[in-house]
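Listed below are the residues making up each chain.
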Amino acid sequence: LTLWFGRLLFILIIHNIIYFSIYELRYDGERITHLSWFYRRVELAMSGLLSIRDDGAYFYILRSEDGKKAYIPKHLTDIEDFLRVVRTAIAKNDER
């Protein structure tokens, strides 16, 4: 059991090193594009954003009206600008 746990932990560590090394977040007034946990590019429309919340640890969690979620790492450069843009989009969506 300990051997399997050690292997699983090693795999998770390697995954996280690779994931955070190649992670990319792009956003503009229309969409957010980021890399999912399974290395797929995921797009969220700004017009469909419902909420953003802080998980209390390492991520901001975005939720859209089509059921998609995005986990955005907090350590990104210029995260304050991203938060401002997202919160503005959510406020516009709430007005509709």
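Right above here is the structure, for reference.
Residues numbered from 1 in each chain as written. Predicted model: local features only at pLDDT ≥ 70, side-chain atom pairs only at ≥ 80, totals over all residues. Heavy atoms only, no water.

Asks: Quick question: what am I supposed to make of the packing of aromatic side chains here?
Replies: Given two aromatic rings, one states the distance between the centres and the angle between the planes to describe the pair. Considering all chains together, one arrives at nine aromatic pairs under this definition. Between Trp37 and Phe59, the ring centres sit 5.5 Å apart and the planes meet at 70°, which makes this aromatic pair edge-to-face. Taken together, the positions of Trp37 in the loop between β2 (31-35) and β3 (41-45) and Phe59 in strand β5 (residues 59-64) put the pair 22 residues apart, joining distant regions of the chain. According to the relative accessible area criterion, Trp37 is partly exposed, its value standing at 29%. Through a chain of ring-to-ring contacts, three or more aromatic side chains come together here, namely Tyr19, Phe20, Tyr23, Trp37, Tyr39, Phe59 and Tyr71. Against the face of Trp4 rests Arg7, its NZ or CZ located 5.4 Å from the ring centre. The ring of Tyr60 is capped by Lys74, whose NZ or CZ atom sits 5.5 Å from the centre of that ring. (Phe/Tyr/Trp six-rings, centres within 6.5 Å; stacked < 30°, edge-to-face > 60°. Helix = DSSP H or I, 4+ residues; strand = E, 2+ residues; numbered from the N terminus. Buried < 20%, exposed > 50% of the residue type's maximum accessible area, 1.4 Å probe, protein only. Lys NZ or Arg CZ within 6 Å of the ring centre and 35° of its normal.)

Asks: Would you explain the side chain of Ser36 in this entry?
Replies: Relative to the helices and strands, Ser36 resides in the loop between β2 and β3. Classification of Ser36 by relative accessible area gives buried; the value is 11%. Those residues in contact with Ser36, other than ones at most four positions away along the chain, are Tyr19 and Val42. (Contact = heavy atoms within 4.5 Å.)

Asks: So what exactly am I meant to see when it comes to the sheet that holds strand β6 (residues 69-73) here?
Replies: Adjacent strands of a sheet pair through backbone hydrogen bonds, lying either parallel or antiparallel. Spatially, the three strands line up as an open sheet ordered β4-β5-β6, and their pairing is antiparallel. The open sheet terminates on both sides in strands that have one partner only, identified here as β4 (49-54) and β6. Taking the axes of each pair of neighbouring strands and ignoring which way they run, one obtains an average angle of 20° across the sheet. Pairing between β5 and β6: five bridges, direction antiparallel. Following the sheet pairing, Phe59 is matched in β6 by Pro73. The strands touched by helix α2 (residues 79-95) are β4, β5 and β6; relative to β4, the strand with the most contacts, the crossing angle is about 140°. (Pairing = 2+ DSSP bridges. Axes fitted to C-alpha atoms, helices over the stretch in contact; angles between N-to-C directions.)

Asks: Sorry, what's going on with a nonpolar patch on the surface here?
Replies: A surface patch of nonpolar side chains, amounting to about 970 Å² of accessible area, comprises Phe5, Leu9, Phe10, Ile11, Ile13, Ile14, Ile17, Ile18, Ile22 and Tyr39. Following the sequence through the fold, Ile11 ends up in helix α1 (residues 2-22). The exposure class assigned to Ile11 is exposed, which follows from its relative accessible area of 54%. (Patch = residues over 30% accessible without salt bridge, like charges linked within 9 Å, V, L, I, M, F, W, Y side chains within 5 Å. Areas by Shrake-Rupley, 256 points an atom, 1.4 Å probe, with all protein chains shown as cover. Salt bridge = Lys/Arg side-chain N within 4 Å of Asp/Glu carboxyl O.)

Such coordinate-based values are descriptive only and should not be taken to indicate function.
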